[in-house]
Amino acid sequence: MEQNWGLVFGGGGAKGAYQIGVWKALKELEMEAWITGMAGASIGSLNAALFACGDYERAEAAWKQVNMLSVFDTDWALIDGKEGTFSREEMLHLIRGYVDFGKITGSSRPIFCSVSKVLPEREYAGMYMRLDGKTAYSIEQLLAASSALPYIHEAVEYEGTYYRDGGLTDNLPIRPLYEMGFRHVLVVGLSENARQFEKQFPDVEFLSVYPSHSLGNLIDGTLNFRQQFITFAQRLGYKDGMRIFRHYLHPEETMLSMQQLAELDLQEIMADMRREELQSGVDEHMNKLNDIIKTYGADK
């Protein structure tokens, strides 16, 4: 089996949790070693950096810390509609806590992030920045720039130039890996619409994973940093990844159609989440009951 693949993580805000689930599938099927180059856009650039560090458990822990307050860090009473209302400090704190800068700096594999150079009249020029070999400060700034959402976050200055979210110009950065000679690319997009960008590279073998179930639009998907949604996206990514990778490795073993398998996987995810929600409610009520019993000394 070919062992020289590029990995591309597309952008999509909170939907990026899906990519962590796909990574789990790669890990369990021992396919991580196939990846010899990475590229990401927006939240995908952070996931690419985490992947380059090679510690899935640490990446999973990082996403458990992601929430609405870490992304939209501000005093909501002060929101006035101006660009850059939301601070990046909490997200930068997460990057510093979970990205192993030393491993990226010393990486023998290329690691790219797409960024959008700010031009006059609200126009942008797409660029691809290497993270490997860079200092910790440069890595941090480039990751912040690649995920600087327009209207929400301020542009990030790096070496005298301002940059914004890489998804504005290339939300599925296949090109930098293609130009390095990669002709086998594993793509993890966050919207089926992104698949169209693969057509620009007809001589590439793509192994692509896209959500089998919609992860929503801007409000209920991209900006939905609630843990329940993040958990759902991760589990869907894992199920989709396992199904697609197994089919690639052993196509002769697939008895049901991929669509049938996807529906069964979705049903299992939803059943598990309903069961966990019910158990959480029961536990909460039991804790309240225990508090009441202790208050009146009935537990003696």
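First, a word on scope: everything that follows refers to the structure included in this document.

Take the pattern of salt bridges next. Applying the stated criterion across every chain, the model contains ten salt bridges. Taking the shortest distance from any N to any O, the salt bridge between R183 and D203 comes out at 3.2 Å. Note that R183 is positioned in the loop between α8 (175–179) and β7 (184–188) and D203 in the loop between β7 and β8 (205–209), a separation of 20 residues in sequence. Salt-bridge contacts for D265 lead to R243; the nearest nitrogen and oxygen are separated by 2.6 Å. On the criterion of sequence distance, the pair formed by D265 in helix α11 (residues 258–295) and R243 in helix α10 (residues 227–249) is long-range, its members being 22 residues apart. Judged on exposure class, the residue D265 and its partner R243 are both buried. One network of salt bridges, with partners in common, ties together D240, R243 and D265.

Y18, I104, L186 and F245 are the most contacted members of the largest nonpolar core, which totals 67 residues. Broken down by element, the residue count for this core peaks at nine residues, all from α10. In this structure, F245 is in contact with V22, A25, L26, L29, M31, L186, L207 and V209, ignoring residues within four places of it in sequence. Of all hydrophobic cores here, the second largest spans 14 residues; its members include V8, F112, L172 and I174.

Enumeration over the complete set of coordinates arrives at seven aromatic pairs. Considering the side-chain rings of W5 and Y248, the 6.0 Å spacing of their centres and the 90° angle between planes classify their relative orientation as edge-to-face. You can see W5 sitting in strand β1 (residues 5–9) and its partner Y248 sitting in helix α10, a full 243 residues away along the chain. Taking relative accessible area as the criterion, W5 reaches 1% and is therefore assigned buried. Taking relative accessible area as the criterion, Y248 reaches 24% and is therefore assigned partly exposed. Seen in terms of ring centroids, W34 and Y248 are 6.2 Å apart; in terms of plane orientation they differ by 65°. Their pairing is edge-to-face. Here W34, found in the loop between α1 (17–28) and β2 (35–41), pairs with Y248, found in helix α10; they are 214 residues apart in sequence, far enough to count as distant. Looking at W34, the relative accessible area reads 6%, which means it is buried. An aromatic cluster of at least three residues, connected via ring pairs, comprises F9, W23, F51 and Y56. In this arrangement the basic side chain of K24 is found over the ring face of Y238, its NZ or CZ atom lying 4.9 Å from the centre.

The backbone phi angle of E30 is positive, close to 55°, even though this residue is not glycine. Tracing the chain through its elements places E30 in the loop between α1 and β2. Among the residues examined, E30 registers a relative accessible area of 68% and is labelled exposed. One non-glycine residue, R122, adopts positive backbone phi at about 55°. Topologically, R122 is positioned in the loop between β3 (111–119) and β4 (123–130).

Cut-offs applied
- Residues numbered from 1 in each chain as written.
- Predicted model: local features only at pLDDT ≥ 70, side-chain atom pairs only at ≥ 80, totals over all residues.
- Heavy atoms only, no water.
- Salt bridge = Lys/Arg side-chain N within 4 Å of Asp/Glu carboxyl O.
- Helix = DSSP H or I, 4+ residues; strand = E, 2+ residues; numbered from the N terminus.
- Buried < 20%, exposed > 50% of the residue type's maximum accessible area, 1.4 Å probe, protein only.
- Core = buried A, V, L, I, M, F, W, Y, C linked by side-chain atoms within 4.5 Å.
- Contact = heavy atoms within 4.5 Å.
- Phe/Tyr/Trp six-rings, centres within 6.5 Å; stacked < 30°, edge-to-face > 60°.
- Lys NZ or Arg CZ within 6 Å of the ring centre and 35° of its normal.

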